[in-house]
Amino acid sequence: MPPLDADERAVLEGWLDFHRATLARKCEGLDDTQAATATVPPSELTLTGLVQHMTEVERTWFRRILDAEELATTHTEQARTDGTDGGFELAEHTTLHDALHTWHTEVEHARRGCREHSLTDTGDLGGQDVNLRWIYVHMIEEYARHNGHADLLRERLDSTTGI
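Owing to the predicted nature of the structure, the values given are computational and were not obtained by experimental measurement. Here, residues in each chain are numbered from 1, in the same order as that chain's written sequence. Only residues with pLDDT of at least 70 get local features here, since the model is predicted, and only at 80 or more are side-chain atom pairs given and counted; chain-wide, interface and lining totals rely on the full set of residues. Processing note: side-chain calculations cover all non-hydrogen atoms of the structure and skip hydrogens and water entirely.

A.B. asks: Could you clarify how one ought to interpret the packing of aromatic side chains in this entry?
C.D. replies: Given two aromatic rings, their pairing is described by the distance between the two centres and the angle made by the two planes. Pairing of aromatic side chains here covers Phe, Tyr and the six-membered ring of Trp, requires ring centres within 6.5 Å, and sorts the geometry by plane angle: under 30 degrees stacked, over 60 edge-to-face, intermediate tilted. Taken as a whole, this structure holds three aromatic pairs when the rule is applied. Ring centres 5.3 Å apart and planes at 75° place the aromatic pair Trp-15 and Phe-18 in the edge-to-face group. Of this pair, Trp-15 and Phe-18 are both found in helix H1 (residues 8-27), three residues apart, which corresponds to roughly one turn of the helix. Note on classification: 1.4 Å probe, protein chains only; a residue is buried when its accessible area is under 20% of the maximum for its type, exposed when over 50%, partly exposed between these limits. Taking the relative accessible area as the measure of exposure, Phe-18 reaches 28% and is therefore partly exposed. The way it works is that DSSP assigns letters per residue, a run of H or I at least four long becomes a helix, a run of E at least two long becomes a strand, and they are numbered from the N terminus.

A.B. asks: Even after reading the chapter, I still don't get helix H5 (residues 132-158), so can you show me in this structure?
C.D. replies: Within an α-helix, residues lying three or four positions from one another point in the same direction, as the helix has 3.6 residues per turn. A helix's residues, less one, multiplied by 1.5 Å, set its expected span. Across its 27 residues, H5 extends 38 Å between first and last C-alpha, which sits within 8% of the 39 Å expected from 1.5 Å per residue. For H5, the capping residue at the N-terminal end is Asn-131, with a side-chain oxygen 3.2 Å from the backbone nitrogen of Arg-133. Phi for Ser-159, located one or two positions after H5, is positive at around 65°. Definition of a polar contact: a pair of N or O atoms within 3.5 Å, with one able to donate and the other able to accept a hydrogen when the atoms are protein atoms, and with sequence-neighbouring residues admitted only if both atoms are side-chain atoms.

A.B. asks: Looking at this structure, I do not really get the pairing of strand E1 (residues 122-125). What am I missing?
C.D. replies: Taken residue by residue, a regular strand's side chains alternate between the two faces of the sheet. Relative to strand E2 (residues 128-131), E1 is paired through four bridges, and the arrangement is antiparallel. The partner of Asp-124 across the bridge, within E2, is Asp-129. A strand pair is defined by DSSP finding two or more bridges across the two strands.

If you want it as structure tokens, here you go:
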């Protein structure tokens, strides 16, 4: 539960961590086959794909944009040309364990990096300044949206809801 009575930064970080933990819980107890199964046709979205995507989102916003790091993608062969962070596609032999490990590593990197920034520090988003405050809010909404997808995928897999 995010803090109910805290400063702005603690609230933003609390909600972001809440949503990160929610995604992890949606994947608990699944094997690689289940997590790689698209259960809501015609969508090809899978839980492993969502984890990979959120790894790319973390990497893009906190490292590429805020810290101006030049980094390769973590799960896809090429950078996306459609403006999305990608990561949804599963490569052969992809495992949920490996995807979660890469995601956890990226989340920890983001947490460490953000400690060095104030909420008003900016990164470059296509020639425009974007501050850490905005990035936190965007990340919260990004996780919230995809956790809704994860709810549906998980429910269709094994009828589990509310985790």
